[in-house]
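Report on the structure
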Amino acid sequence: SVEVIARGAFGWCFSLQGQIVFPENLKYIGNEAFEICEEITSIIIGDSIRYIGDFAFSTCSKLNDVIIGSSIDSLSMCAFYYNVKQITIKAIKPPVTNFGLTNYDYPLATLYVPCGSKQYYQEDTNWNKITNIQEGEMDYSIRMNANNDAYGNTSASAPDCITHQAILTAIPFYEYVFVKWSDENTQNPRTVIVTSDTSFTAIFQHKSSVNEFQVNNNLIVFPNPATNQLTFDNGGSIMK
């Protein structure tokens, strides 16, 4: 039933990582609440949120995408770090904001807004600093995950207003590679049709990982990936 996260509550929490999903009752995120949480990769804030304060997620250097619910009234100064690639806002009318949505006016981000509301954001003197504004269907949510938050992150575009198609993208970090999605699909990026709330998990692995394999239906090497120990199982046959 939490409604308020106060100023600096989780600031400088370097071990807080991956995707952060806020409860639906949340109405207020205070100034610097998650400042310099460098391992956060994604933020999902429910439809009850009304206010996000100054520098709330400033210097979250791995933050890739942000989803903000439909009741947002105000986004304050420099709420997000400039590395953010994708911002989805479910509010039809642009939230009030003062100088700087991000640490810098960030023209390379993609802003997704509800179908029919693009013009409102383009006419707003602050929001129109984001030049790539696209409309998307906001009725359903797409929950994106990685098998390990240290291996990479994921993002999904808002579903298209006509075709309901969304584009899923898996982005591996340095020394890691994308292998497949949890449904065994190996396309990246990939297109899906969204007709209900859904979720996808990207499977990443280290580039130097030893793949599990078999030779003559006997030899198996595991685990994958390995850290300090490998196990060779040859099913009782002689290994040469």
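Residues numbered from 1 in each chain as written. Predicted model: local features only at pLDDT ≥ 70, side-chain atom pairs only at ≥ 80, totals over all residues. Heavy atoms only, no water.

This next bit is on the nonpolar core. Formed by 33 residues in total, the largest nonpolar core has its most connected members in Phe-22, Ile-29, Ile-52, Phe-57, Phe-80 and Ile-89. For this core, the secondary structure elements donating two or more residues are strand 4 (39-45), strand 6 (65-68), strand 8 (86-89) and strand 10 (110-114). In terms of residues, this core owes the most to one element, strand 4, which gives three residues. Those residues in contact with Ile-89, other than ones at most four positions away along the chain, are Ile-68, Ile-72, Leu-75, Pro-95, Leu-111, Tyr-112, Val-113, Pro-114, Tyr-121, Trp-127 and Met-138. Met-144, Ala-146, Ala-166 and Phe-173 belong to the second largest nonpolar core, which has 17 residues in total. (Core = buried A, V, L, I, M, F, W, Y, C linked by side-chain atoms within 4.5 Å. Buried < 20%, exposed > 50% of the residue type's maximum accessible area, 1.4 Å probe, protein only. Helix = DSSP H or I, 4+ residues; strand = E, 2+ residues; numbered from the N terminus. Contact = heavy atoms within 4.5 Å.)

Another point: the state of the cysteines. Enumeration according to the criterion identifies one disulfide in this entry. Between the sulfur of Cys-115 and that of Cys-161 lies a disulfide, 1.9 Å long from S to S. Disulfide Cys-115 to Cys-161: torsion about the S-S bond roughly -105°, handedness left-handed. One end of the pair, Cys-115, is in the loop between strand 10 and helix 1 (118-122); the other, Cys-161, is in the loop between strand 13 (152-156) and strand 14 (165-172), with 46 residues separating them in the sequence. Residue Cys-115 is classed as partly exposed on the basis of its relative accessible area, which comes to 34%. (Disulfide = S-S within 2.5 Å.)

With that settled, the discussion passes to the pattern of salt bridges. According to the stated counting rule, one finds five salt bridges in the structure shown. In this structure, the salt-bridge partner of Glu-32 is Arg-7, at a minimum N-O distance of 2.7 Å. Linking Glu-32 in the loop between strand 3 (28-29) and strand 4 with Arg-7 in the loop between strand 1 (4-5) and strand 2 (17-21), this pair joins segments that are 25 residues apart in sequence. Judged by its relative accessible area of 18%, Glu-32 is buried. Notably, a salt bridge pairs Arg-50 with Asp-73, separated by 2.6 Å at the nearest N-O pair. Of this pair, Arg-50 sits in the loop between strand 4 and strand 5 (51-52) while Asp-73 sits in the loop between strand 6 and strand 7 (74-75), and the two are 23 residues apart along the sequence. (Salt bridge = Lys/Arg side-chain N within 4 Å of Asp/Glu carboxyl O.)

Structurally, Glu-35 is set in the loop between strand 3 and strand 4. Salt bridges are absent for the buried Glu-35, whose nearest opposite-charge side chain, Arg-7, sits at 7.7 Å. Residues contacting Glu-35, with those up to four places away along its chain left out, are Gly-11, Trp-12, Phe-55, Ala-56 and Ser-58. (Lys, Arg positive; Asp, Glu negative; His and termini not counted.)

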